[in-house]
Amino acid sequence: MYSSYQLLLAIGMVVTGSINTLSVKWADNLEAEGSDGKPRHFNHPFFQSLTMFFGEFLCLLFFKLAYRYHIKKQYPIEDSPIVKGNQQFNPFLFFIPAMFDMIATTLMYIGLTMTFASSFQMLRGAVIIFTAIFSKIFVHRQVSVRHWLGIFTIIIGLATVGVSDFLSSGTGSKSTNEILIGDSLILFAQIITAAQMVYEEKYVVSNDIPPLQAVGWEGVFGFLMMSLLLIPFYYINVGPPLSDNSRGVIEDFPEAITQIMNNKWILIALIGNIISIAYFNFSGISVAKEISATTRMVLDSVRTFFIWTFSLAVGWQTFNPLQPVGFLLLLIGMCIYNNLLRAVPRRLRTVVHYPTDEPIIGGEP
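As the structure is a prediction and not an experimental result, all values here were calculated from the model.

## Remarks on the overall build of the protein chain
Move 1: Of the regular secondary structure elements, the protein chain holds 13 helices and two strands.
Move 2: Pairs at least 24 apart in sequence give 81% of the contacts found in the protein chain among residues at least 6 apart.
Move 3: Approximately 16300 Å² of the protein chain is accessible, and the part contributed by carbon and sulfur atoms is 68%.

## Structural notes on the nonpolar core
Move 1: The biggest cluster of nonpolar side chains holds 68 residues, and the ones touching the most others in it are Phe 42 and Phe 94.
Move 2: The biggest single contributor to this core is helix α3 (residues 95–112), with nine residues.
Move 3: In this structure, Phe 94 is in contact with Phe 89, Val 204, Ile 209, Ala 214, Trp 217, Glu 218 and Phe 221, ignoring residues within four places of it in sequence.
Move 4: Listed in part, the 18 residues of the second largest apolar core include Val 14, Cys 59, Ala 66 and Ala 278.

## Focus on the pattern of salt bridges
Move 1: This model, assessed by the stated rule, comprises two salt bridges.
Move 2: In this structure, Arg 40 engages Asp 244 in a salt bridge whose closest nitrogen and oxygen atoms are separated by 3.7 Å. Taken together, the residues span a long stretch of sequence, with Arg 40 in strand β2 (residues 39–41) and Asp 244 in the loop between α8 (211–233) and α9 (253–262) at a distance of 204 residues.
Move 3: Using a relative accessible area of 12% as the deciding quantity, one classes Arg 40 as buried.
Move 4: One network of salt bridges, in which partners are shared, links Asp 36, Arg 40 and Asp 244.

## Section: unusual backbone geometry
Move 1: At Gln 74, a residue that is not glycine, the phi angle is positive and equals roughly 60°.
Move 2: Relative to the helices and strands, Gln 74 resides in the loop between α2 (45–72) and α3.
Move 3: The exposed category is assigned to Gln 74, whose relative accessible area is 71%.
Move 4: Positive phi, close to 55°, is recorded for Asp 208, a residue that is not glycine.
Move 5: Assignment of secondary structure puts Asp 208 in the loop between α7 (176–204) and α8.

## Focus: the confidence of the model for the protein chain
Move 1: Averaged over all residues, the pLDDT of the protein chain is 84; the fraction at 70 or higher stands at 89%.
Move 2: Element-level pLDDT for the protein chain is lowest in helix α13 (residues 346–349), with a mean of 44, against a maximum mean of 95 in α9.
Move 3: The low-confidence segment residues 343–361, where pLDDT is below 50, has 42 contacts with residues more than four positions distant or belonging to other chains.

## Quick notes on a nonpolar patch on the surface
Move 1: Residues Tyr 2, Leu 7, Ile 11, Val 15 and Ile 19 make up a contiguous nonpolar surface patch of roughly 450 Å² in combined accessible area.
Move 2: Residue Leu 7 is classed as partly exposed on the basis of its relative accessible area, which comes to 41%.

## A word on the side chain of Thr 51
Move 1: If you trace the backbone, Thr 51 turns up in helix α2.
Move 2: In this structure, Thr 51 is in contact with Leu 270, Asn 273 and Ile 274, ignoring residues within four places of it in sequence.

## Considering the packing of aromatic side chains
Move 1: Applying the stated criterion across every chain, the model contains 20 aromatic pairs.
Move 2: Both rings, one in Trp 308 and one in Phe 319, keep their centres 6.0 Å apart while their planes meet at 45°; by these two values the pair is tilted. One end of the pair, Trp 308, is in helix α11 (residues 293–313); the other, Phe 319, is in the loop between α11 and α12 (322–337), and 11 residues separate them in sequence.
Move 3: Look at Trp 308 and you get buried, because its relative accessible area is 10%.
Move 4: Members of the aromatic cluster, each reached through a chain of ring pairs, are Phe 92, Phe 95, Trp 217 and Phe 221.
Move 5: Directly above the ring of Tyr 234 sits Arg 247, whose terminal nitrogen or CZ lies 4.0 Å from the centroid.

Reading the values: the criteria
- Residues numbered from 1 in each chain as written.
- Predicted model: local features only at pLDDT ≥ 70, side-chain atom pairs only at ≥ 80, totals over all residues.
- Heavy atoms only, no water.
- Helix = DSSP H or I, 4+ residues; strand = E, 2+ residues; numbered from the N terminus.
- Contact = heavy atoms within 4.5 Å.
- Areas by Shrake-Rupley, 256 points an atom, 1.4 Å probe, with all protein chains shown as cover.
- Core = buried A, V, L, I, M, F, W, Y, C linked by side-chain atoms within 4.5 Å.
- Buried < 20%, exposed > 50% of the residue type's maximum accessible area, 1.4 Å probe, protein only.
- Salt bridge = Lys/Arg side-chain N within 4 Å of Asp/Glu carboxyl O.
- pLDDT = per-residue confidence, 0-100.
- Patch = residues over 30% accessible without salt bridge, like charges linked within 9 Å, V, L, I, M, F, W, Y side chains within 5 Å.
- Phe/Tyr/Trp six-rings, centres within 6.5 Å; stacked < 30°, edge-to-face > 60°.
- Lys NZ or Arg CZ within 6 Å of the ring centre and 35° of its normal.

And the structure:
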């Protein structure tokens, strides 16, 4: 039986996890006058990536406050699931995973401007496939028959989601090519995310660094690097659909600020994303510590359902019967991979499997 605190964490994880995606998509759909005085959609994926890293940075502030509180009250650090862990490490250890996170998050945000919010969330399930492959190659982790069965089911689910997007492309404002490019960018981003997770497992988890602190340091490096990149991006011209700003550049930071000033709902959407990113990372790590990492995986899948139903309710996409089929296949594949289905033969469970008791450290777009 779960305690009130555990239930609050679980509900908070689902709610803020859903807000993560929905707030970004909401901002994408909002219109405001740009620098040239013409109304246009808020198409600023690099700026949104910057706000995501700021949300991760808040995790570091929360960790520091919690750590100082435990020291001041003389509470045992080793008894706290939030602050316990190794403090003797080089912060630059997080630079590489932060760069992986920056590239993957930006690609996903670009893809989100071209496809549906529910598809964005479902396609992110592909990270399991690439994580298993990279873990086998670089960490020499054994992948069992059960894992390959789960991966095969996930691939079928992803293909089903892709077909549903292709069939739905003619019923909305998105063209077929635009949706296919968006889905492809999201899938490609999962390769980079998988590389981030394997790096974190090999160098971060092995050093017993508190996950919330790790997320925060990645936010610091990601925020600083993205801030620097916004300068050259302001002068590099690209064509649509990669740019939808008055200057036709990769990212027009001044115009993003102008649009925010002209439409306060965009500011609310961005603030919602920042706060939800921070709380989602905290609640996700806490769920893994207080309950289990498999529960965290299930809750992460549940939010996909809420994102899909919300997108249907507000008219961001039309209903396609293939999409719930794809979602169900993805969920079954993840359950098989994480050994949550009792129907899996016992002999397949005896093989060494990928650990599900370690919380995923990487940030959450």
